[in-house]
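Results of the structural survey
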Amino acid sequence: MMATDHWPWTSQLFWRPKLQGWAGKFFYRLANRAVKGVGYGVITQVGQVDGQRVPLLKRIIRVKRSEMSEADLKADILRQASTYLDEKEVWIHDAGVGLADVQTANIAWYVIRQAVNVTGRRNYLPPAKDRGRPAQYGEKVRPLPRERLEHLIAATSPDVSTQFQFQGRTIQVQGWQELVRADQKVADATQTFTIWTFSDPLYKKPMVLGTNLAASAETVFLLYLDRWPVEQPPLVAKQMLGLHRQSVFAPVSVLRLPELALLVANILTYLAAVLPAMPTGFWDRQPKRTSGRLRRVLARAVFPNEYLLLTDFEKSSRLRPICPREF
């Protein structure tokens, strides 16, 4: 099967350390620990506009209660995603979600990042021994070697070894097919998957991906790399629109403001892709179509005084125009 579309997703935290009455905690990279904040699941569909990869927001999944943890939010995201994905759409995610999670949620097709010490098992029994209890688990498969207690544990020989060219570099690939999870016994009804390792000369450690797609290693590699546009709406919402700081405290506003910011960020990203490149200043001699440049242009624009309004709508003298940077 070849996938025709893919849905990357990410979990996002809006840091609110002093928010009263909020107990939910999520991992925050800058603090390197779980901190108080409002978490969201962002699901996008990646497309292309005039040669530029652009995300399209499909779902914004909010926490259902103030004490909801990151693990609960991820489980809720997976449950909802399984109902929205079509039969030819692929679920893509970075590290943080395991094979057991996507299989429990019945995700039809997936490509997910795996840990370098991930293991699997063959879905057939090893040769029977003369003595001892009959085996119930298949032989363990270890894609990469590792050290434990100063002992080197060798990697399992791959089923497939190949390579392909990417941006002028040779990517070495190894694959192990028809595997089951390390905690599963041999069974015909067990969901199987493939582990691919990609050794890129630019990086010291190989990248490990797990998937159940019957596709080439290069296709799986490119699908995973195409997940990065999902990070664009949260980046624009926090850094470009200023939602890394919030001053709302009403329970409804605490949830709605980040959702509105993500929506506006997606619109800003799309507009920047379809409009001509706008330089920030005279020094910007080779401008690109980015949301940051468009926001700076809009921040200098004058709020229009002539526009169509309803007959019963009056302009208040107490309100002042709000530029995108103050959003």
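Just above sits the structure.
Since this is a predicted model, take the numbers as computed values, not measurements.

Let's shift gears to empty space enclosed by the protein. Tallied over the full model, the rule gives one cavity of 30 Å³ or more. Here the largest cavity defines a volume of roughly 50 Å³. Leu271, Ala272, Leu275, Pro276, Ala277, Met278, Lys288, Arg289, Thr290, Arg293 and Leu294 are the residues that line the largest cavity. Residue classes in the lining of the largest cavity are distributed as seven nonpolar, one polar and three charged.

Moving on to the packing of helix α4 (residues 232–240) against helix α6 (residues 291–300). Contact geometry of α4 with α6 gives a least axis separation of 11 Å together with a crossing angle of 35°. With respect to the hand of their crossing, α4 and α6 are arranged in right-handed fashion. Note on element contacts: α6 touches α4 through Ser291, Gly292 and Arg295, opposite Gln232, Val236 and Met240. Here the contact of α4 with α6 is built from residues that sort into two nonpolar, three polar and one charged.

Going through the model one piece at a time under the given rule, you end up with 11 salt bridges. Measuring nitrogen to oxygen at the nearest pair gives 3.9 Å for the salt bridge that ties Arg113 to Asp94. Of this pair, Arg113 sits in strand β6 (residues 110–114) while Asp94 sits in the loop between β5 (89–93) and α2 (99–104), and the two are 19 residues apart along the sequence. Among the residues examined, Arg113 registers a relative accessible area of 28% and is labelled partly exposed. By relative accessible area, Asp94 is classed as buried at 18%. The salt bridge partner of Asp284 is Arg293, with a shortest N-O separation of 2.6 Å.

Turning to the packing of aromatic side chains, a few remarks are in order. Under the defined criterion, the tally for this structure stands at six aromatic pairs. With 5.1 Å between their ring centres and 45° between their planes, Phe198 and Phe221 make a pair best called tilted. Residue Phe198 is found in strand β13 (residues 193–199), and its partner Phe221 is found in helix α3 (residues 217–225); the two are separated by 23 residues along the sequence. Across the pair, Phe221 and Phe198 agree in class, each one buried. Among the aromatic residues, ring-to-ring pairing joins Phe164, Phe166, Phe198 and Phe221 into one connected group. In this structure, Arg16 is placed above the aromatic ring of Phe249, and the distance from its NZ or CZ to the ring centre is 5.3 Å. Stacked on the ring of Phe14, the Lys or Arg Lys238 has its end atom at 5.2 Å from the ring centre.

Definitions and cut-offs
Residues numbered from 1 in each chain as written. Predicted model: local features only at pLDDT ≥ 70, side-chain atom pairs only at ≥ 80, totals over all residues. Heavy atoms only, no water. 1 Å grid on protein atoms, 1.4 Å probe; cavity = no way out; pocket = protein on both sides within 12 Å on 5 of 7 lines; lining within 4 Å. Points joined across faces, edges and corners; volume = space filled by probe spheres on them. Nonpolar A, V, L, I, M, F, W, Y, C, P; charged D, E, K, R; others polar. Axes fitted to C-alpha atoms, helices over the stretch in contact; angles between N-to-C directions. Helix = DSSP H or I, 4+ residues; strand = E, 2+ residues; numbered from the N terminus. Left-handed = near helix turned anticlockwise from the far one by under 90°. Contact = heavy atoms within 4.5 Å. Salt bridge = Lys/Arg side-chain N within 4 Å of Asp/Glu carboxyl O. Buried < 20%, exposed > 50% of the residue type's maximum accessible area, 1.4 Å probe, protein only. Phe/Tyr/Trp six-rings, centres within 6.5 Å; stacked < 30°, edge-to-face > 60°. Lys NZ or Arg CZ within 6 Å of the ring centre and 35° of its normal.

Keep in mind that these numbers describe shape and distance, not what the molecule does.
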